[in-house]
Amino acid sequence: MKMGFGFNGFSLVVVVSCLMVVASPAAGNFHQDFDIIWGGNRAKVFNGGQLLSLSLDKVSGSGFQSKKEYLFGRIDMQLKLVAGNSAGTVTAYYLSSQGPSHDEIDFEFLGNVSGDPYILHTNVFTQGKGNREQQFYLWFDPTRNFHTYSIIWKPQHIIFLVDNIPIRVFKNGEAIGVPFPKNQPMRIYSSLWNADDWATRGGLVKTDWSKAPFTAYYRNFNAVACTSCASKSSTSLSDAAWQSNNNELDATSRRRLRWVQKYFMIYNYCTDLKRFPQGVPSECKQRSRF
Ligand SMILES: *[C@@H]1O[C@H](CO)[C@@H](O)[C@H](O)[C@H]1NC(C)=O
């Protein structure tokens with residue numbers, strides 16, 4: 001399908017030839033959309049491609065990656081995290097491009113002992129540089145049921161959502177000199193691995209290998225996203241492709257974002273003055289539109 005996007009006055013006039021992949025309403029198929037790239041049969045696909053599991057034992061973790069690369073889009077996945085004593089384990093679910101100046105949009109779930117809360121760790125890398133961590137507790141037990149974790153990646157902003165509630169917005173700050181991911185297509189990755197040197201209470205609680213294997217589950221992958229984009233030279237995509245997706249933050253979403261940030265955010269690099277004695281990064285000083 002050929003899509004013509006609008007241009008703002010300053011853009012290079014490049015018609016972006018782009019395949020909008022709309023997997024909805026039927027969810028994607030793990031056989032068709034992903035490759036197991038790590039851990040051999042520790043990663044399994046079930047139910048004709050509708051369900052995937054990753055597991056971790058003392059020898060190895062496991063992981064998968066999308067066959068396709070995406071440049072902008074909305075990507076949803078439902079995850080059910082390692083239950084019970086998951087201390088020391090990390091389930092990473094992220095988008096990333098390749099190479100030394102790669103871009104990356106991260107969800108990482110840091111496990112905990114039974115009954116103690118997971119931490120949802122988020123980060124954004126642009127041109128190889130990250131250090132933009134925000135961490136959250138969740139308002140539910142992410143091991144009991146599947147919950148939907150989404151990334152909306154647009155030229156204007158990146159929004160992280162949990163069950164359709166926005167938890168974090170990273171705005172395009174190119175106007176103030178902050179690089180934004182917009183030229184490098186990304187793949188979807190996920191892995192389950194041992195990180196007991198830092199993950200749980202900063203590394204104090206170690207993985208209990210007597211509870212292995214540890215298993216996390218995935219289903220209902222859905223991407224409304226741009227693939228095979230002739231993107232390298234494009235400088236501006238208009239909103240046209242998104243208008244039907246209803247993914248802007250309305251008043252309710254903005255209220256929810258504030259609610260999460262007020263009650264569930266436990267770390268924000270933007271307020272970590274000890275870490276940035278010379279001043280927090282520029283994007284932290286932007287007034288939020290949201
Ligand atoms: C684990 O539980 C402890 C105690 O409640 C808490 O301080 C910590 O933030 C929790 N999460 C992780 C990943 O350590």
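Residues numbered from 1 in each chain as written. Predicted model: local features only at pLDDT ≥ 70, side-chain atom pairs only at ≥ 80, totals over all residues.

Topic: the overall build of the protein
Link 1 in the chain: Along the backbone of the protein there are 2 helices and 16 strands.
Link 2 in the chain: Looking at the protein as a whole, 37% of its 290 residues are labelled buried.
Link 3 in the chain: Residue pairs in contact within the protein that sit at least 24 positions apart in sequence constitute 70% of those at least 6 positions apart. (Helix = DSSP H or I, 4+ residues; strand = E, 2+ residues; numbered from the N terminus. Buried ≥ 20, exposed ≤ 12 C-beta atoms within 10 Å, placed from the backbone. Contact = placed C-beta atoms within 7 Å.)

A word on the site of the ligand
Link 1 in the chain: The local shell around the ligand consists of Leu110, Asn112, Asp116, Pro117, Ile119, Ala199, Thr200 and Arg201.
Link 2 in the chain: Grouping the amino acids of the shell around the ligand by side-chain chemistry returns 4 nonpolar, 2 polar and 2 charged. (Near = placed C-beta within 6 Å. Nonpolar A, V, L, I, M, F, W, Y, C, P; charged D, E, K, R; others polar.)

Let's talk about the pairing of strand β9 (residues 119–125)
Link 1 in the chain: For β9, the tally of buried residues reaches 5 of 7 residues, placing the bulk of the element in the interior.
Link 2 in the chain: Bridge count between strand β8 (residues 104–110) and β9: 7 bridges; the pairing is antiparallel. Counterpart to glutamate 108 in the pairing with β9 is histidine 121.
Link 3 in the chain: The pairing of β9 with strand β10 (residues 134–136) spans 3 bridges and is classified as antiparallel. When the bridges of β10 are listed, histidine 121 appears paired with glutamine 135. (Pairing = 2+ DSSP bridges.)

Considerations on the pairing of strand β13 (residues 165–171)
Consecutive side chains along a regular strand alternate between the two faces of the sheet.
Link 1 in the chain: In terms of burial, β13 is largely enclosed, as 5 of its 7 residues are buried.
Link 2 in the chain: When strand β12 (residues 157–162) meets β13, the two strands line up antiparallel, connected through 6 bridges. Each bridged residue has a counterpart across the sheet, and for leucine 161 the counterpart in β13 is proline 166.

A short note on the sheet that holds strand β16 (residues 265–268)
Link 1 in the chain: Across the sheet, which stays open at both edges, the 8 strands sit in the order β2-β5-β14-β7-β8-β9-β10-β16 with antiparallel pairing between neighbours. Both edges of this open sheet fall to β2 (34–38) and β16, since each of them pairs with a single strand only. Recorded for the sheet is a direction-independent mean angle of 15° between the axes of neighbouring strands.
Link 2 in the chain: As paired elements, strand β7 (residues 89–96) and strand β14 (residues 187–194) share 8 bridges and run antiparallel to each other. By the bridge assignment, valine 90 is partnered in β14 with tryptophan 193. (Axes fitted to C-alpha atoms, helices over the stretch in contact; angles between N-to-C directions.)

Notes on the environment of glutamate 133
Link 1 in the chain: Within the fold, glutamate 133 resides in the loop between β9 and β10.
Link 2 in the chain: Here the alpha-carbon distance between glutamate 133 and tyrosine 269, two residues 136 residues apart in the chain, equals 5.6 Å.
Link 3 in the chain: Ignoring anything within four residues of it in the chain, the contact list for glutamate 133 reads His121, Thr122, Asn123, Tyr267 and Tyr269.

So, unusual backbone geometry
Link 1 in the chain: Backbone torsion omega between alanine 212 and proline 213 reads 0°, so that peptide bond is classified as cis.
Link 2 in the chain: Assignment of secondary structure puts proline 213 in the loop between β14 and β15 (214–227).
Link 3 in the chain: Phi at phenylalanine 72 takes a positive value of approximately 70°, unusual for a residue other than glycine.

Remarks on the nonpolar core
Link 1 in the chain: Counting 54 residues, the largest nonpolar core has Ile151 and Ile158 as the members making the most contacts within it.
Link 2 in the chain: Ranked by residues supplied to this core, first place goes to β15 with 8 residues. (Core = buried A, V, L, I, M, F, W, Y, C linked by C-beta atoms within 7 Å.)

A closer look at the confidence of the model for the protein
Link 1 in the chain: Summarising the model, the protein shows a mean pLDDT of 87, and 82% of its residues fall at 70 or more.
Link 2 in the chain: Low pLDDT (under 50) marks residues 230–247, which in the prediction has 35 contacts with non-local residues, meaning those over four places away or in another chain. (pLDDT = per-residue confidence, 0-100.)

A word on the environment of aspartate 57
Link 1 in the chain: Within the element layout of this structure, aspartate 57 appears in the loop between β4 (51–56) and β5 (62–66).
Link 2 in the chain: Aspartate 57 sits in the partly exposed class, given 15 other C-beta atoms within 10 Å.
Link 3 in the chain: Separated by 18 residues in the primary sequence, aspartate 57 and glycine 39 have C-alpha atoms spaced 9.7 Å apart.

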